[in-house]
Amino acid sequence: MEALQRAEADLEGGRLKEAVAAADSMYLAWSRDRSLESLANRALWLKARALEADGLLGDAGTTLDVLLGRVEAGPLRDEAVARLSGIWTQTGESVRAADLLLDNPTALDESRRGLLRELVTGLSLTQLRGLAREYPPTSAGAAIVHVQLAQLLVVEDEADSARRVARRALDARPDAPERDIARLIAESSGSLREGTVRIGAILPLSGRFGGVGQLLKEGLDLALDGYRSGAGDAFTIQLMVRDDGSDSERAPELLRELEREGAVAVIGPIRSESFAAALRARVNPRMLVVSPTATEVLEPTPSAYTLYEQERLDRDVAADLANWTAGELGLRRAAVLYPLDRAGRSAAGAFQAGLEATAVGVLAATGYNPDSTTFKESIEALAAQEPDVVFVPAPNSRSVLTLAPQLYYYGLDHSIILGTSAWADPAVLRRLARNDGDYRVIGLWVDRTSPGTPWQRFALDYERKYRKSLRDNVLPALSFDAMRLILTALDEARLPIPAALSAYLQRRPVLAGVTGQLETDPTTSTVRRRTQIRMLYDGQLVRPDRSQLLNWLVEARVAAVERRERERERPPE
């Protein structure tokens, strides 16, 4: 007994190898004597915990397997079952872990049924069918498997089979979470679209980013107004908003809280780090989480999307501009002037790769410091190459307003300038001189100025509801589109459960949103936009006309030659 206590002390003190060696020695000595069987089992239990603490999960699992072969029903067996199922879950053996829990019903108290619930949400339809055949719905634990199976059957358009499975699960007197879903499926008819649905949101309604959170909340409410007033909406939506107080570290706990309260999807968090942390905190990996504003996806994750991955937006626009230049204009002399930051380099690379894919190369590419006030050397170096087109991405409107007149002045006055969204910022269009803006071709993910666009209609609805100007603020529109994405998935999925919503968005549907044509990309956890190509003319965005652009290019070249000749003929002062 004293030896066991010393080994326990070694384990608690972090002396793991000493604890393993002592426990192994005690087990070998005591396992031969039936009167010492309980002590031998306790030694095995100690050894398994020490191996697990040392990161030797395979060895710990093997030790627990031996222990389960020795002990009968009771507290030690239940603890060993829970620990071994946890190890198998960590090592990617979720089916084996679920099978162990189901095979030991006495170990499945309420807290451990939570572990089983977490396990089965990540299983495939085939895996669930196998477990359901082996374990009929005669207990609350087995009912967890059968209800999850019923949900995936709905996703697979097997509604009749789903109802049968759900009715059998109800006979097992399942826990409340499974009971509510089983009743919804078993008692439904037709399209399975009815009832109250909870959608969560994690926003900073107070603290440093409180103003941002309020704008995003306005977009959510406006989207819900439209859904509720639409003809034939099948669901009653309850929006559950949680204020993170501008503290990004609160996101995981708030997401778990919304999950416990039955949210089928969550909008937010708004920052990249908290978005990633919230995803790691999900119990159900099929829970849909959509961030309207996370600018970076730290790690692509199933059933998660951001509408504002900035580098992806700029890269897609650059590639589409390259394809349009080669295919529509047929011009082959291209150059690139890009900002010396991560997004600028990424956009430049995407443009160059897009041209190379069409057998068109880039004459020259040079970077510029977006914080500088003069770009003479970089522009003159490119102008010397006589390019037909120059791709000039810019990080913001300030950079465009500084760059644009210098492009004209330092020699790129007879090249077609291609720009990204910053070139079409309403603030730029209001201030750009005609010589600096006409016949510039812009790739956009959202057109905020042309009449009759979804943005213009949204701005009108926003200003009517809130009695204030939207101005150029994109935040309410991003949250509006995030909510619309979830509501569309809800309507199309036919059942208000996370697995159904997630499965619908994995099919990459296209939705006409306020911020562009939205298309989910599960492989990158981003929402892509179809690039809109526009031409600047007289301060307005118009559809580009190939003949107009090529005629302008010819005329601009002639004018440039004439200007140079006049300069040569001018007598020295």
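Look above for the structure.
None of the values given here were measured: they were computed from a predicted structure.

Draft legend 1. Region of the structure containing the overall build of the protein chain. When its secondary structure is counted, the protein chain shows 24 helices and 15 strands. At 31 Å, the protein chain has a C-alpha radius of gyration far larger than the 25 Å of a compact globule built from 573 residues. Per-residue burial for the protein chain yields a buried fraction of 52% across its 573 residues. Taking all contacts inside the protein chain whose residues are at least 6 apart in sequence as the whole, residues at least 24 apart take part in 65%.

Draft legend 2. Inspection of unusual backbone geometry at higher detail. Cis rather than trans, the peptide bond between Gly268 and Pro269 has omega equal to -5°. Within the element layout of this structure, Pro269 appears in the loop between β3 (263–267) and α14 (272–281). A positive phi is found at Arg173, a non-glycine position, where the angle reads about 50°. Note on placement: Arg173 falls in the loop between α10 (159–170) and α11 (176–186). The exposure class of Arg173 is exposed, given its relative accessible area of 73%. The backbone phi angle of Arg508 is positive, close to 60°, even though this residue is not glycine. Residue placement: Arg508 occurs in the loop between α23 (498–506) and β11 (510–513).

Draft legend 3. Examining the packing of helix α3 (residues 37–53) against helix α4 (residues 57–68) more closely. Orientation of α3 relative to α4, taken along the N-to-C sense of each, is 160°, at an axis distance of 8 Å. For the element pair α3 / α4, the angle class is roughly antiparallel. With respect to the hand of their crossing, α3 and α4 are arranged in left-handed fashion. Residues Asn41, Leu44, Trp45, Lys47, Ala48, Leu51 and Glu52 of α3 pack against Leu57, Asp59, Ala60, Thr63, Leu64, Val66 and Leu67 of α4.

Draft legend 4. Structural detail: the side chain of Asp10. Mapping Asp10 onto the fold places it in helix α1 (residues 2–12). The buried category is assigned to Asp10, whose relative accessible area is 17%. Apart from the residues within four sequence positions on either side, Asp10 is in contact with Arg15, Leu16, Glu18 and Ala19.

Draft legend 5. Representation of the packing of aromatic side chains in the model. Applying the stated criterion across every chain yields a total of ten aromatic pairs. When the centroid spacing of 5.5 Å and the interplanar angle of 25° are considered together, the rings of Tyr439 and Trp552 count as stacked. Of this pair, Tyr439 sits in the loop between α20 (434–437) and β10 (441–444) while Trp552 is found in helix α24 (residues 546–569), placing the two residues 113 residues apart along the sequence. Taking the relative accessible area as the measure of exposure, Trp552 reaches 15% and is therefore buried. A centroid spacing of 4.9 Å and a plane angle of 50° characterise the contact between Tyr462 and Tyr466, whose relative ring orientation is tilted. Residue Tyr462 and its partner Tyr466 are both found in helix α21 (residues 454–466); the two are separated by four residues, about one turn of the helix.

Draft legend 6. Molecular detail of the pattern of salt bridges. For the coordinates displayed, the defined rule picks out 28 salt bridges. Arg398 serves as the salt-bridge partner of Asp371, at 3.5 Å between the closest nitrogen and oxygen. Linking Asp371 in the loop between β7 (362–368) and α17 (376–383) with Arg398 in helix α18 (residues 397–409), this pair joins segments that are 27 residues apart in sequence. Take Asp371: its relative accessible area is 60%, and that puts it in the exposed class. The exposure class of Arg398 is partly exposed, given its relative accessible area of 43%. A network of salt bridges, in which partner residues are shared, links Arg312, Asp316, Arg508, Asp521 and Arg528.

Draft legend 7. Structural context of the nonpolar core. Ranked by size, the top nonpolar core spans 117 residues in total, and within it Ile237 and Leu501 carry the most contacts. If one sorts the elements of this core by residue count, helix α22 (residues 475–493) sits on top with twelve residues. Once you skip the residues sitting within four places of it in the chain, Leu501 turns out to touch Val264, Ala265, Leu288, Ile486, Ala489, Leu490, Ala493, Leu495 and Pro496.

Draft legend 8. Inspection of helix α12 (residues 210–229) at higher detail. Taking 1.5 Å as the rise per residue, α12 with 20 residues should run 28 Å; its terminal C-alpha atoms sit 29 Å apart, in good agreement. Every buried residue belonging to α12 is among Gly210, Gly213, Leu215, Leu216, Glu218, Gly219, Leu220, Leu222, Ala223, Leu224 and Tyr227, and all of these are buried.

Draft legend 9. Local environment of the side chain of Thr325. Turning to its location among the elements, Thr325 is positioned in helix α15 (residues 310–329). When neighbours within four sequence positions are excluded, Thr325 is seen to be in contact with Gly330, Leu331, Val389 and Leu418.

Draft legend 10. How the structure looks around the sheet that holds strand β15 (residues 540–542). The mixed open sheet is built from seven strands, whose spatial order is β7-β6-β8-β9-β10-β14-β15. The open sheet has two edge strands with one neighbour each: β7 and β15. Direction aside, neighbouring strands of the sheet carry axes that sit 25° apart on average. Direction of pairing for strand β9 (residues 416–419) relative to β10: parallel, over a ladder of two bridges. Pairing of Gly419 across the sheet is with Ile442, part of β10. In this fold α15 packs onto β8 (389–391), β9, β10 and β14 (532–537), with an angle of close to 135° to the strand it touches most, β10.

Draft legend 11. Seen up close, the environment of Val400. Turning to its location among the elements, Val400 is positioned in helix α18. In sequence terms Val400 and Ala422 are 22 residues apart; their C-alpha atoms lie 7.0 Å from each other. What Val400 contacts, discounting residues up to four positions off in sequence, is Ala394, Pro405, Ala422, Trp423 and Val428.

Draft legend 12. Representation of the packing of α4 against helix α5 (residues 75–90). α5 packs onto α4 with a crossing angle of 150° between their chain directions and a minimal axis gap of 10 Å. Looking at the two axes, α4 sits roughly antiparallel to α5. Crossing geometry of α4 relative to α5 is assigned as left-handed. In contact with Leu57, Ala60, Gly61, Leu64, Asp65, Leu67 and Leu68 of α4, α5 contributes Leu76, Arg77, Ala80, Val81, Arg83, Leu84, Ile87 and Gln90. Here the residues of the contact of α4 with α5 sort into ten nonpolar, two polar and three charged.

Draft legend 13. Structural context of α14. The element α14 is largely enclosed, with a buried count of eight among its ten residues. For α14, the full list of buried residues reads Ser272, Ser274, Phe275, Ala276, Ala277, Ala278, Leu279 and Ala281. On its buried side, α14 packs onto α13 (251–260), β4 (288–291) and β5 (304–306).

Draft legend 14. Structural view of the pairing of strand β6 (residues 334–339). Of all six residues making up β6, six are buried, and the element is well covered by its neighbours. Because side chains alternate across β6, one face comprises the buried residues Ala334, Val336 and Tyr338, and the other comprises Ala335, Leu337 and Pro339, equally buried. As defined by bridge partners, β6 adjoins β7 across six bridges and the pair is classed as parallel. Bridge pairing links Leu337 to Thr366 in β7. Where β6 and β8 come together, three bridges link them in parallel fashion. Residue Val336 lies in a different strand from β8, and its bridge partner there is Phe391.

About the cut-offs
Residues numbered from 1 in each chain as written. Predicted model: local features only at pLDDT ≥ 70, side-chain atom pairs only at ≥ 80, totals over all residues. Heavy atoms only, no water. Helix = DSSP H or I, 4+ residues; strand = E, 2+ residues; numbered from the N terminus. Rg over C-alpha atoms; globule rule 2.2 N^0.38 Å. Buried < 20%, exposed > 50% of the residue type's maximum accessible area, 1.4 Å probe, protein only. Contact = heavy atoms within 4.5 Å. Axes fitted to C-alpha atoms, helices over the stretch in contact; angles between N-to-C directions. Parallel < 35°, antiparallel > 145°, perpendicular 65-115°, else oblique. Left-handed = near helix turned anticlockwise from the far one by under 90°. Phe/Tyr/Trp six-rings, centres within 6.5 Å; stacked < 30°, edge-to-face > 60°. Salt bridge = Lys/Arg side-chain N within 4 Å of Asp/Glu carboxyl O. Core = buried A, V, L, I, M, F, W, Y, C linked by side-chain atoms within 4.5 Å. Expected span 1.5 Å × (residues − 1). Pairing = 2+ DSSP bridges. Nonpolar A, V, L, I, M, F, W, Y, C, P; charged D, E, K, R; others polar.

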